[in-house]
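# Examination of the molecular architecture
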Amino acid sequence: MIQRIQTVFLFLATVFAGVLFFVPIAAFEHAGDLMRLTIFSVQNQVDAQYFSGIYTLPLLLLTILLVALPLVTIFLFKKRELQLKLSSLNVLLNALFCFLIFVYYASNIQKTLGVETISYLFGSYIPLINIILSILAMRWIKKDIELIKSVDRLR
């Protein structure tokens, strides 16, 4: 299990998704105040005031899925076809996370708060890193499947 390279890729995807709990996703400048978007809320950095009207619960739930899915996939090493499907689902969920950040939340915060500038921070690029890691894991899972099929043909 641990000697397989796809396990390393899936573990790294889990770790990067876990980092989302601790890093901000984006920073916004509004009337001289600096606000930041995390998976928990949008808050002002100066007085830690939370802005209602912008709900980040979908980001939180999606992040929990992004942490759990690759971790579960690691332990399904005997079911390679299912591993491949779960890795594909992980790519889809990471793409959904990117869509939510770059399209939905960025435009929603701009409209709601009248933000002048948006700075995307490290947290917004984590799903892109996870997509790459999941695709690499899928590649190696496919190679394992092909290897098993070729050995079965020889028997």
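Cut-offs applied
Along each chain, the written sequence defines residue order, and numbers are assigned to residues from 1. Residues qualify for local features only when their pLDDT is at least 70, as the model is predicted, and side-chain atom pairs are given and counted only at 80 or more; totals for whole chains, interfaces and linings, by contrast, use all residues. No hydrogens and no water enter the side-chain calculation; it runs on all heavy atoms of the structure. Angles shown run from 0 to 180 degrees and are taken between the N-to-C directions of axes, each axis being a line fitted to C-alpha atoms and, for helices, limited to the stretch in contact. Only runs of H or I of at least four residues qualify as helices and only runs of E of at least two qualify as strands under DSSP, and these elements are numbered from the N terminus. Angles below 35 degrees are treated as roughly parallel, those above 145 as roughly antiparallel, those between 65 and 115 as roughly perpendicular, and all remaining angles as oblique. In this scheme the handedness of a crossing depends on how the near helix is turned from the far one: anticlockwise by less than a right angle means left-handed, clockwise means right-handed. We call two residues contacting when some pair of their heavy atoms lies within 4.5 Å. Lys, Arg, Asp and Glu make up the charged group, whereas Ala, Val, Leu, Ile, Met, Phe, Trp, Tyr, Cys and Pro make up the nonpolar group; the residues left over, Gly among them, are polar. DSSP bridges decide pairing: two strands pair if at least two such bridges lie between them.

Their axes nearest at 10 Å, the elements helix α2 (residues 57-74) and helix α3 (residues 80-113) cross at an angle of 160°. Put simply, α2 runs roughly antiparallel to α3. In the packing of α2 onto α3, the handedness of the crossing is left-handed. Of the residues in α3, those in contact with P58, L59, L62, T63, L65, L66, L69, P70, T73 and I74 of α2 are Q83, L86, S87, L89, N90, L93, N94, L96, F97, L100, I101 and Y105. Here the contact of α2 with α3 is built from residues that sort into 16 nonpolar, six polar and no charged.

Two elements, strand β1 (residues 26-30) and strand β2 (residues 33-37), share five bridges in a ladder whose sense is antiparallel. Pairing of H30 across the sheet is with D33, part of β2. Connecting the antiparallel pair β1 and β2 is a turn made up of two residues, with A31 showing a positive phi of about 55°. As paired elements, β1 and strand β4 (residues 117-120) share four bridges and run antiparallel to each other. In the strand pairing of β4, A26 is matched with Y120.

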